[in-house]
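Notes for the structure review
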Amino acid sequence: EGPAVDKQGNIFFTDQPNNKIWEYDTRGQLSVFLDKAGRSNGMYFDKKGNLISCADELDQLWSIDKKGKITVLVKDFGGHRLNGPNDVWVNNNTEGIYFTDPYYQRDYWDRKKSDLDGQKVYYMANGGQPVIVEDQLKQPNGIVGTPDGENLYVADLRGNKTYKYSIAADGSLKDRQALINQGSDGMTIDAEGNIYLCGRGVTIYNPEGKKIGHIDIPEPWTANICFGGKDRKLLFMTASTAVYTMPMYVKGVE
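Residues numbered from 1 in each chain as written. Predicted model: local features only at pLDDT ≥ 70, side-chain atom pairs only at ≥ 80, totals over all residues. Heavy atoms only, no water.

A closer look at the environment of methionine 187
Along the chain, methionine 187 falls in strand β17 (residues 187-189). You can call methionine 187 buried: its relative accessible area is 3%. Sequence spacing of methionine 187 and valine 144 is 43 residues, and the spatial spacing of their C-alpha atoms is 6.6 Å. In this view, methionine 187 contacts Asp87, Gly142, Ile143, Val144, Tyr153, Ala155, Thr162, Ile195, Tyr196, Leu197, Asn224 and Ile225; residues no more than four positions away in its chain are not counted. (Helix = DSSP H or I, 4+ residues; strand = E, 2+ residues; numbered from the N terminus. Buried < 20%, exposed > 50% of the residue type's maximum accessible area, 1.4 Å probe, protein only. Contact = heavy atoms within 4.5 Å.)

A word on the sheet that holds strand β1 (residues 4-5)
Across the sheet, four strands lie side by side as β1-β2-β3-β4; this open sheet has antiparallel pairing. Only two strands of the sheet have a single partner each, and these edge strands are β1 and β4 (30-35). Where β1 meets strand β2 (residues 11-15), two bridges bridge the pair, whose relative direction is antiparallel. If you follow valine 5 over to β2, its bridge partner there is isoleucine 11. (Pairing = 2+ DSSP bridges.)

Focus on the sheet that holds strand β11 (residues 120-124)
Working definition: the strands of a sheet are paired by backbone hydrogen bonds and lie parallel or antiparallel to each other. Reading across the sheet, the four strands line up as β9-β10-β11-β12 and stay open at both edges, with antiparallel pairing between neighbours. The open sheet has two free edges, formed respectively by β9 (87-91) and β12 (131-134), since each of these has just one partner strand. This sheet shows a mean twist of 30° between the axes of neighbouring strands, independent of strand direction. (Axes fitted to C-alpha atoms, helices over the stretch in contact; angles between N-to-C directions.)

Structure follows, in structure tokens:
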């Protein structure tokens, strides 16, 4: 799960069942970056080089520095345990963080139901506390924004739709548009604005929401995706039992 690319093009991804974060470097070499990774799921790098991670073992949001030192950014919401932060995107223009919080029962939890009244999307301004910015989705999951910080895409996996929003100056969302009639686990965008949705393989849509391609993955489920490598032209996909790479003609924006 959770592939994220640093400034050099190295890709970090999570092995949730074994509770590790791995690094796939620009030479194609694999190494363990962090053991006891808080059952990390979705991740994204901030502009300081910290890895922001959805650590759903205790339903927290972490910041992990280059040496693996962990800082807990969010441990609850209004005194209540979050459902399980799932995917995250950092607006590196403002350093604000967006994350989705669906409820998926985990076998390593000591609870059987949510402490909250729904599955929502949150925004946290730099140094602030999380606030709800979207509460009308059935099961928000994949999330990614445009590099100019103007638009955000959020996938409603159970609702089987992907929405586009404009980002207001205060970080709130407006101009909600049901852009694609498909939900997604993880997601990414490329330099041409095409949107890559994960699930049964990878489905690619143009900026207007028209399907333009599909990548077949020989796995029951494709969980998440990012572009990496030195030139950002390596598509990296995490699936049920393996990771897959595919050289592309187009660059990613992350």
